[in-house]
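A look at the structure
Chain residues, written in single-letter form:
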Amino acid sequence: YRGQVEATDKHDGGLTEPGGDSRRYYIDPENWLIARMREEVALHPDIDAQRRRMETVYGGYRARCGVQQSLGARVTDLDSGEEVQRSRVPSFTFT
């Protein structure tokens with residue numbers, strides 16, 4: 001399937017886990033890397049079990065041993081627009 005996210009064409013596909021949680025991934029057709037993921041989850045279920053619609057935007061891709069790895073991600077609550085989490089990986093190694 002090909003649709004638009006923020007006025008940009010993206011390929012998307014869904015994944016449903018055995019427990020019933022589902023995620024929708026949006027692939028950038030120019031480089032075939034995951035650009036975004038949307039899901040309905042509890043961000044920290046041991047602290048707050050409320051499920052929210054979240055979007056993770058990935059970026060800062062770097063190649064290592066022929067594998068592209070996202071070194072940054074930003075998680076936003078889709079209903080409130082609030083950024084709820086940001087992560088950055090300063091470096092990584094494959095073993």
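For the structure given in this document, a descriptive report is provided here. (Residues numbered from 1 in each chain as written. Predicted model: local features only at pLDDT ≥ 70, side-chain atom pairs only at ≥ 80, totals over all residues. Heavy atoms only, no water.)

1. So, the pattern of salt bridges
Counting across every chain of the model gives nine salt bridges. One continuous salt-bridge network, built from bridges that share partners, spans Glu-17, Arg-23 and Glu-39. (Salt bridge = Lys/Arg side-chain N within 4 Å of Asp/Glu carboxyl O.)

2. Some details on the pairing of strand β5 (residues 52–64)
Walk down a regular strand and you will see the side chains alternate between the two sheet faces. The pairing of strand β4 (residues 34–41) with β5 spans six bridges and is classified as antiparallel. Across the sheet, residue Glu-40 finds its bridge partner in β5, namely Arg-53. Two elements, β5 and strand β6 (residues 67–77), share 10 bridges in a ladder whose sense is antiparallel. Within β6, the position partnered with Glu-55 by the bridge is Thr-76. Between β5 and β6, which pair antiparallel and follow one another directly, the connecting turn spans two residues, one of which, Cys-65, has a positive phi of 55°. (Pairing = 2+ DSSP bridges. Helix = DSSP H or I, 4+ residues; strand = E, 2+ residues; numbered from the N terminus.)

Honestly, that's just the spatial picture; any functional story needs more than this.
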